[in-house]
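Here's the letter readout for the chains.
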Amino acid sequence: MEGHGAYNRSSRVQAAGLSSAIPLFSQAAKAVTLSPAHEPIVIADYGASEGHNSLVPMAEAIGSLRNRVDPARAILVVHTDLPSSDFSALFETLQNDPDSYLRDDPAAFASAVGRSFYQQLLPSGSETLGWSSWAIQWLSRTPAIIPDHLQVAYSRDEAARAAYAGQAAEDWRAFLIHRGQELRPGGRLVVLTMAITDDGDFGYRLVLEAMLGALMDLVNEGVISAEEAHRMSIPTVGRTLKDLTAPFSENGRFAGLAIESVDVFLGEDRIWEDFERDGDANAFAARWAAFVRASTFPTLALSLNGGGDDPRAAKFFQEMEIQLAARLAASPERTVIPLAKIMLVKMGQ
């Protein structure tokens, strides 16, 4: 993710998807088994990035918990992300954003962990409530080159598709195993992630085709080489309902967890809704290009010969955004945004 607040500024797509999952998180907070009164209530936020899209969910959960406990009871929110995440922007957001859950609750506290959520991050049995949004679609590693696209969902290469499917299944199981260790009995975890519809649609087709075209434009203009472009891919996956429930298929439990609810649905496209109101194709394109830049360009830049520190990285970002916006402005259309939300409960021992 692009740092220095860029992700916060350009995360409208993610924010729209939260609206249907936040009530589920509030419901989880009302149902969790609380830790003993002398212990803080621990909430984990897996994949927080720069924090903006975590504020409302955390505030909703804390509000639900406050209806159950003394106002002086300590509630600790642990935000987690990769070590490369912009934690300065995260803490700036927590301190200064008017929606911060810290502003009106002196017994709410925040901390952060800079490690992958595909490993254990918190002490076993210490967590009451967990949340993850727009995060677990990112794989722990890039399992293969995608020779004919940036996104494996639109690749015709069977080897690449198989490698990504295998990595996605392995990562989902690893995520669940470690959350099963961290959660207390009676604790709950809510996950919002990219999905695939029942008819096999990953969505984002216009945006991804425009990205691929923009990348080829940069090759033709000599900004990057064909070899660098060939290495570039977005290591994200959408999961079907079957993918999400597969670890639980044997007896309804996995890693001590059970599914309370799961749903695949279509998220709002607020950028398209803006376009329907104002008819401004350039603004439509700029909003999508800013979102794509903040969320994926840093990953693509890792495939430059000099990696993310390549001296051409800034030009790559700038030219890619310009070319992408030009292509999107030429043919605006609504984007299909498949999402999944799932609530898991840690069963008693």
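Small disclaimer: the values here were computed from a predicted structure and weren't measured.

Rules and cut-offs
- Residues numbered from 1 in each chain as written.
- Predicted model: local features only at pLDDT ≥ 70, side-chain atom pairs only at ≥ 80, totals over all residues.
- Heavy atoms only, no water.
- Helix = DSSP H or I, 4+ residues; strand = E, 2+ residues; numbered from the N terminus.
- Buried < 20%, exposed > 50% of the residue type's maximum accessible area, 1.4 Å probe, protein only.
- Pairing = 2+ DSSP bridges.
- Contact = heavy atoms within 4.5 Å.
- Axes fitted to C-alpha atoms, helices over the stretch in contact; angles between N-to-C directions.
- Phe/Tyr/Trp six-rings, centres within 6.5 Å; stacked < 30°, edge-to-face > 60°.
- 1 Å grid on protein atoms, 1.4 Å probe; cavity = no way out; pocket = protein on both sides within 12 Å on 5 of 7 lines; lining within 4 Å.
- Points joined across faces, edges and corners; volume = space filled by probe spheres on them.
- Expected span 1.5 Å × (residues − 1).
- Right-handed = clockwise from strand over helix to strand, strands pointing away.

**Q** What is the right way to look at unusual backbone geometry in this model?
**A** For residues other than glycine, phi is negative in most cases, and the peptide bonds are mostly trans. The phi dihedral of Y204 falls on the positive side, at around 60°, and the residue is not glycine. Relative to the helices and strands, Y204 is located in the loop between β5 (183-194) and α7 (205-220). Its identity is not glycine, yet A255 carries a phi of approximately 55°, on the positive side. Residue classification places A255 among the partly exposed residues on the basis of a relative accessible area of 32%.

**Q** Would you mind going over the sheet that holds strand β3 (residues 108-114) with me for this structure?
**A** Two pairing modes exist for strands in a sheet, parallel and antiparallel, and in both the strands are linked by backbone hydrogen bonds. Spatially, the eight strands line up as an open sheet ordered β3-β2-β1-β4-β5-β8-β7-β6, and their pairing is mixed. A single partner strand is all that each edge strand has here, and the edge strands are β3 and β6 (253-254). Pairing geometry for strand β7 (residues 257-266) and strand β8 (residues 338-346), over nine bridges, is antiparallel. Looking at β8, one finds that V262 is bridged to I342. Together, β1 (41-46), β4 (127-133), β5, β6, β7 and β8 form the strand contacts of helix α6 (residues 158-182), whose direction differs from that of β5 by roughly 150°.

**Q** Can you walk me through the packing of aromatic side chains in this structure?
**A** The geometry of an aromatic ring pair is captured by two quantities: the separation of the ring centres and the angle between the planes. Counted under the stated rule, the structure contains 15 aromatic pairs. With a centroid separation of 5.2 Å and an interplanar angle of 40°, the aromatic rings of W272 and F275 are classed as tilted. Residue W272 and its partner F275 are both found in helix α10 (residues 270-278); the two are separated by three residues, about one turn of the helix. Judged by relative accessible area, which is 17%, F275 ranks as buried. Aromatic pair F297 and F316: ring centres 6.2 Å apart, planes at 50°, arrangement tilted. Taken together, the positions of F297 in helix α11 (residues 281-301) and F316 in helix α12 (residues 313-330) put the pair 19 residues apart, joining distant regions of the chain. On the basis of relative accessibility, which here comes to 0%, the residue F297 falls in the buried class.

**Q** So what exactly am I meant to see when it comes to the layout of surface pockets here?
**A** In this approach the atoms are scanned with a rolling probe the size of a water molecule, which exposes any empty space left behind. Its volume calculated, the second largest pocket comes out at about 510 Å³. Surrounding the second largest pocket, 23 residues form its lining, R161, A165, I196, G238 and D243 being those nearest its centre. In terms of residue count, α6 provides more of the lining of the second largest pocket than any other element does, seven residues in total.

**Q** Before we go on, may I ask you to explain α12 in this structure?
**A** In an α-helix, one full turn covers 3.6 residues, which means residues spaced three or four apart are oriented alike. Spanning 18 residues, α12 covers 26 Å between terminal C-alpha atoms, matching the ideal 26 Å at 1.5 Å per step. For α12, the elements touching its buried residues are α7 and α11.

**Q** Just to check I follow, could you spell out the pairing of β1 for this structure?
**A** Side chains on a regular strand alternate between the two faces of the sheet. Among the six residues in β1, six count as buried, and that is most of the element. Going residue by residue along β1, you find I41, I43 and D45 tucked away on one face and V42, A44 and Y46 tucked away on the opposite face as well. Bridge count between β1 and strand β2 (residues 75-81): six bridges; the pairing is parallel. The partner of I43 across the bridge, within β2, is V77. One crossover worth recording links β1 to the parallel β2 by way of helix α4 (residues 55-66), and it is right-handed.

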